[in-house]
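Listed below, chain by chain, are the residues.
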Amino acid sequence: MKKTILTVMTIASLTACNQSKTENHNVMTEQKQTVGLVEITTFKLNNGVSSADFVKSAEQMQNDFLKRQEGFIKRTLTQSGDTLWTDIVYWTNKESHSQAMKLAEKTEAVIPFMEKIDVNSVKMDLTNPMLNNE
């Protein structure tokens, strides 16, 4: 269970970082791909982890893992106040999401990101888009 939560958090956080480098890629991808699954994950960071350090890890994980996954469309990572983070990841389908999660469990690039997250605070929902204005 903890491994699955860590994997989900890793994938979610990877997508939010490095907007400048992936913005053009995401625009092109969105035009060609339809969102079939939206992953919404909330969590807190472990004590002593700064927002800046976490974002740096999230960016690295996104560049080295997430944006290379089939079915990944885009990601938004937000912070509410000083503690609650929300990671929203858009996928073409559930199968792509599941495959990425399995692979994340075995991928070294995901570990530094996951180590910064309080696994006991993780809450994930997999949702189906009902209205898309893009």
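Residues numbered from 1 in each chain as written. Predicted model: local features only at pLDDT ≥ 70, side-chain atom pairs only at ≥ 80, totals over all residues. Heavy atoms only, no water.

Looking at an unreviewed UniProt entry, one finds the protein chain named ABM domain-containing protein and attributed to Flavobacterium aureirubrum.

Sheet architecture is open: four strands sit in the order β2-β3-β1-β4, paired in antiparallel fashion. Because the sheet does not close on itself, it has two edges, and the strands there are β2 (72-80) and β4 (123-127). Averaged over all pairs of adjacent strands, the angle between strand axes in this sheet comes to 15°, irrespective of strand direction. The pairing of strand β1 (residues 37-43) with β4 spans five bridges and is classified as antiparallel. The residue of β4 that forms the bridge with V38 is T127. Where helix α3 (residues 51-64) meets the sheet, it contacts β1, β2 and β3 (84-91), and its direction lies at approximately 175° from that of β2. (Pairing = 2+ DSSP bridges. Helix = DSSP H or I, 4+ residues; strand = E, 2+ residues; numbered from the N terminus. Axes fitted to C-alpha atoms, helices over the stretch in contact; angles between N-to-C directions. Contact = heavy atoms within 4.5 Å.)

We now examine the environment of S121. When you line up the elements, S121 lands in the loop between α5 (111-114) and β4. A polar contact of 2.7 Å, which involves the side chain of S121, links it to the backbone oxygen of D118. (Polar contact = N/O pair within 3.5 Å; in protein donor to acceptor, adjacent residues only side chain to side chain.)

Here the focus is the pattern of salt bridges. A side chain with one charge may pair with a side chain of the opposite charge, provided their charged atoms come close. Under the criterion given, the structure shown has one salt bridge. Of the charged contacts in the structure, one is a salt bridge between R75 and D87, with a shortest N-O distance of 2.7 Å. Of this pair, R75 sits in strand β2 while D87 sits in strand β3, and the two are 12 residues apart along the sequence. (Salt bridge = Lys/Arg side-chain N within 4 Å of Asp/Glu carboxyl O.)

This part takes up helix α4 (residues 94-104). Among the residues of α4, S96, H97, A100, M101 and A104 are the ones counted as buried. Angularly, the buried residues of α4 cover 135° about the axis, an arc narrow enough to put them on a single face. Facing away from the buried side of α4 by over 90 degrees, the exposed positions are K94, E95, Q99 and K102. Between a side-chain oxygen at the N-terminus of α4 and the backbone nitrogen of E95 the separation is 3.2 Å; the capping residue is N93. (Buried < 20%, exposed > 50% of the residue type's maximum accessible area, 1.4 Å probe, protein only. Arc of directions from axis to C-beta.)

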